[in-house]
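What follows is each chain in one-letter form.
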Amino acid sequence: MIKVDISRNAKRQPVRFVMTGHAGAGDYGEDIVCAAASVLAIITVNALDEIAGVHPTISSDDDNGGFLEVVINDRNQAAETILATFILGMTQVAQKYTQFVTISDGHIN
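Calculation criteria
- Residues numbered from 1 in each chain as written.
- Predicted model: local features only at pLDDT ≥ 70, side-chain atom pairs only at ≥ 80, totals over all residues.
- Heavy atoms only, no water.
- Buried < 20%, exposed > 50% of the residue type's maximum accessible area, 1.4 Å probe, protein only.
- Helix = DSSP H or I, 4+ residues; strand = E, 2+ residues; numbered from the N terminus.
- Pairing = 2+ DSSP bridges.
- Expected span 1.5 Å × (residues − 1).
- Polar contact = N/O pair within 3.5 Å; in protein donor to acceptor, adjacent residues only side chain to side chain.

Asker: When you look at the pairing of strand β1 (residues 2–8) in this model, what are you seeing that I'm missing?
Answerer: Of all seven residues that make up β1, five are buried, and the element is covered over most of its length. Examined bridge by bridge, β1 and strand β2 (residues 14–20) share six bridges and lie antiparallel to one another. The residue of β2 that forms the bridge with K3 is T20. In this antiparallel pair of consecutive strands, β1 and β2, the connection spans five residues, and R12 shows a positive phi of 70°.

Okay, structure coming up:
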């Protein structure tokens, strides 16, 4: 199962997200749930950097996969929109594939 945890600051702005686990919805290379979650996370990180000009701190397990932590150090309106889009997308994936993805949104740092 993929678990996504969104942390927010006192203003309810997302400041961190962590993704752990594997969906297990299909064979390697054919798991559409994993593909959806991966694309959302990767495009979010790339868009924060290349479009918003925000350079998040990223930790991942490149050897085994199944772990990504993104900490947003700076913010602007573009970053807020990108993060809101990520959260919307992951929420919709979690709602559609409840047995493979969970999302926890709102932990205040």
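What follows picks up the thread again.
Asker: Explanation requested: the pairing of β2 in the structure shown.
Answerer: When a strand is regular, its side chains alternate between the sheet's two faces. Of all seven residues in β2, five are buried, a share of seventy percent or more. Sheet topology places β2 next to strand β4 (residues 67–71); five bridges connect them, and they run antiparallel. In the strand pairing of β4, V18 is matched with E69.

Asker: Just to check I follow, could you spell out helix α1 (residues 32–50) for this structure?
Answerer: Residues that lie three or four places apart on an α-helix share one face, since the helix turns once every 3.6 residues. With 19 residues, α1 should reach 27 Å at 1.5 Å per residue; the first-to-last C-alpha distance of 26 Å fits that figure. Listing the buried residues of α1 in full gives V33, A37, L40, A41, T44, V45, A47 and L48. Here α1 starts with a cap whose side-chain oxygen sits 3.1 Å from the backbone nitrogen of V33, and that cap is D31.

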